[in-house]
Amino acid sequence: ALLYHCPRTATVKSKTAGKLWVLDRSVFKAIMQNMGKEHHECRLNFLTRVHVLASLSKAKLSKLADVVESHKYRRGDCIIRQGESAAHFFIIERGQVLVTQNDESDARKENLVRTLSVGDYFGES
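Residues numbered from 1 in each chain as written. Predicted model: local features only at pLDDT ≥ 70, side-chain atom pairs only at ≥ 80, totals over all residues. Heavy atoms only, no water.

Trainee: Can you walk me through the environment of Asp24 in this structure?
Mentor: Counting through the fold element by element, Asp24 comes out in the segment before helix H1 (25–47). Looking at Asp24, the relative accessible area reads 47%, which means it is partly exposed. Of the polar contacts made by the side chain of Asp24, one reaches the side chain of Ser26; its length is 2.5 Å. (Helix = DSSP H or I, 4+ residues; strand = E, 2+ residues; numbered from the N terminus. Buried < 20%, exposed > 50% of the residue type's maximum accessible area, 1.4 Å probe, protein only. Polar contact = N/O pair within 3.5 Å; in protein donor to acceptor, adjacent residues only side chain to side chain.)

Next comes the structure, spelled out in C-alpha cells:
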C-alpha cells in the first residue's frame with residue numbers, strides 16, 4: 001500500500017501503550033528503490049565473475065541480475081536429484097555443494113564426483 005499509493009488492506013490498533021518509528025511514504029519509497037539498486041549492483045558484480053557467463057554483454061548480465069533469485073539451503077539438503085527433469089540453472093553464491101552419482105552396482109550408494117564452490121554452476125545439462 002505504501003509503495004504504490006493503494007488503500008490499506010487492514011486496520012491496526014494499539015493493544016498496549018507503545019512507541020512507533022514512522023517514515024514518510026516518499027522517504028520509504030526512496031530507500032526501497034536505493035536498496036533495490038544496491039542489490040542489483042551486487043548481483044551484477046557477482047555474475048561478471050562467473051566463468052560460464054563471461055561471454056555475455058553487460059546488458060545481458062544486467063538482465064540476468066534483474067531476474068535471478070536467491071535460495072538458501074541447509075547442510076545436507078538435496079538441491080537436485082539424479083534422474084529428475086532439468087528445470088533450473090544454479091550458480092553458487094555462497095557455500096559448497098557435493099555432486100554425486102548413483103553407484104551402478106549398488107543403487108543405495110552414491111559416489112562423489114566433485115565439490116563445487118562460489119561461482120561454480122550446475123543444472124545446465
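Let us keep going from here.
Trainee: Can you help me understand the pattern of salt bridges in this one?
Mentor: For side chains bearing opposite charge, pairing can occur when the charged atoms are close. Evaluation of the coordinates by the stated rule reveals two salt bridges. Arg74 is the salt-bridge partner of Asp77, the closest N and O atoms lying 3.8 Å from each other. With relative accessibility at 65%, the residue Arg74 sits in the exposed group. The salt bridge partner of Arg108 is Asp106, with a shortest N-O separation of 3.4 Å. Of the residues examined, Arg108 reaches a relative accessible area of 77% and is grouped as exposed. (Salt bridge = Lys/Arg side-chain N within 4 Å of Asp/Glu carboxyl O.)

Trainee: Sorry, what's going on with the environment of Met32 here?
Mentor: Locating Met32 in the fold gives a position in helix H1. For Met32, a relative accessible area of 35% gives the class partly exposed. For the pair Met32 and Gly119, spaced 87 residues apart in sequence, the C-alpha to C-alpha distance is 28 Å.

Trainee: Help me understand the side chain of His40, please; the structure alone is not making it clear to me.
Mentor: Along the chain, His40 falls in helix H1. The class for His40 is buried, based on a relative accessible area of 13%. Apart from residues no more than four positions distant in its own chain, His40 is found in contact with Ser62, Ala65 and Asp66. (Contact = heavy atoms within 4.5 Å.)

Trainee: Looking at this structure, how should I read H1?
Mentor: Along an α-helix, a turn takes 3.6 residues, which lines up residues three or four apart on a common side. Compared with the 33 Å implied by 1.5 Å per residue over 23 residues, the 33 Å span of H1 between its first and last C-alpha is a close match. Every buried residue belonging to H1 is among His40, Leu44, Phe46 and Leu47, and all of these are buried. (Expected span 1.5 Å × (residues − 1).)

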